[in-house]
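One letter stands for each residue in the lines below.
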Amino acid sequence: MKKDDVVTVVLINGAEVIGRFVEEKDNTLVINKPRMVQVTQEGMAMVPGICMTGEEPKGDFQFNRSGVLFVINTVEQLATQYSSMTSSIIIPKTKGLLQ
């Protein structure tokens, strides 16, 4: 993984968090603007933050590596949705030239 890749962090309790990879050190994993993945009746959703009752991290957040099961690149559709949620840039729904 390289800096700014959108990644999914799977925690040892099974929770999934999506965010931008910043860096990995011996005991910590740093993710920018993490969002918790929540399953709803309509499908998957991203909750602003990393737990249901906590404040939303506005920038980088450090996860203790002992609580992380694994980290993997996020599928393109969810990575695009994440980027739309966390950026002021509007991503077009279809590819092509605007006229």
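Above this note sits the structure.
Residues numbered from 1 in each chain as written. Predicted model: local features only at pLDDT ≥ 70, side-chain atom pairs only at ≥ 80, totals over all residues. Heavy atoms only, no water.

The next thing to look at is the overall build of the chain. When helices and strands are tallied, the chain shows 1 helix and 6 strands. Walking the chain from its N terminus toward its C terminus, one meets helices and strands in the order β-β-β-β-β-β-α. Out of the 99 residues in the chain, the part that is buried amounts to 34%. Considering only intrachain contacts with a sequence separation of at least 6, the fraction spanning at least 24 residues in the chain is 49%. Accessible surface for the chain amounts to roughly 7000 Å². Of this, 53% is attributable to carbon and sulfur atoms. (Helix = DSSP H or I, 4+ residues; strand = E, 2+ residues; numbered from the N terminus. Buried < 20%, exposed > 50% of the residue type's maximum accessible area, 1.4 Å probe, protein only. Contact = heavy atoms within 4.5 Å. Areas by Shrake-Rupley, 256 points an atom, 1.4 Å probe, with all protein chains shown as cover.)

Quick look at the packing of aromatic side chains now. One pass over the structure, following the stated rule, counts 1 aromatic pair. Where F61 meets F63, the ring centres are 5.0 Å apart and the plane angle is 70 degrees; that geometry is what we call edge-to-face. Residue class for F63 comes out buried when judged on its relative accessible area of 8%. (Phe/Tyr/Trp six-rings, centres within 6.5 Å; stacked < 30°, edge-to-face > 60°.)

Further remarks concern the pairing of strand β4 (residues 43-48). Here strand β3 (residues 28-40) runs beside β4; their pairing, made up of 5 bridges, is antiparallel. Across the sheet, V39 pairs through a bridge with M44, a residue of β4. Connecting the antiparallel pair β3 and β4 is a turn made up of 2 residues. (Pairing = 2+ DSSP bridges.)

Moving on, we come to the nonpolar core. Residues V7, V9, L11, V17, F21, L29, I31, F63, V68 and V71 constitute the largest nonpolar core, which totals 10 residues. Put simply, the parts of the chain that give this core at least two residues each are β1 (6-11), β2 (16-24), β3 and β6 (68-73). Top element by residues in this core is β1. It accounts for 3 residues. Contacts of V68, omitting those with residues within four sequence positions, involve V9, V10, L11, I12, L29 and F63. Membership of the second largest hydrophobic core comes to 7 residues, among which are V6, L78, A79 and Y82. (Core = buried A, V, L, I, M, F, W, Y, C linked by side-chain atoms within 4.5 Å.)

Among all positions of helix α1 (residues 76-86), only L78, A79, Y82, S83 and T86 are buried. In a view along the axis of α1, the buried residues occupy a sector of 140 degrees, so they form one face of it. Projecting away from the buried face of α1 at angles above 90 degrees are the exposed residues E76 and Q77. Those residues of α1 that are buried lie in contact with β1, β2, β3 and β4. (Arc of directions from axis to C-beta.)

The phi torsion at D4 lies on the positive side, around 80 degrees, for a residue other than glycine. Here D4 lies in the segment before β1.

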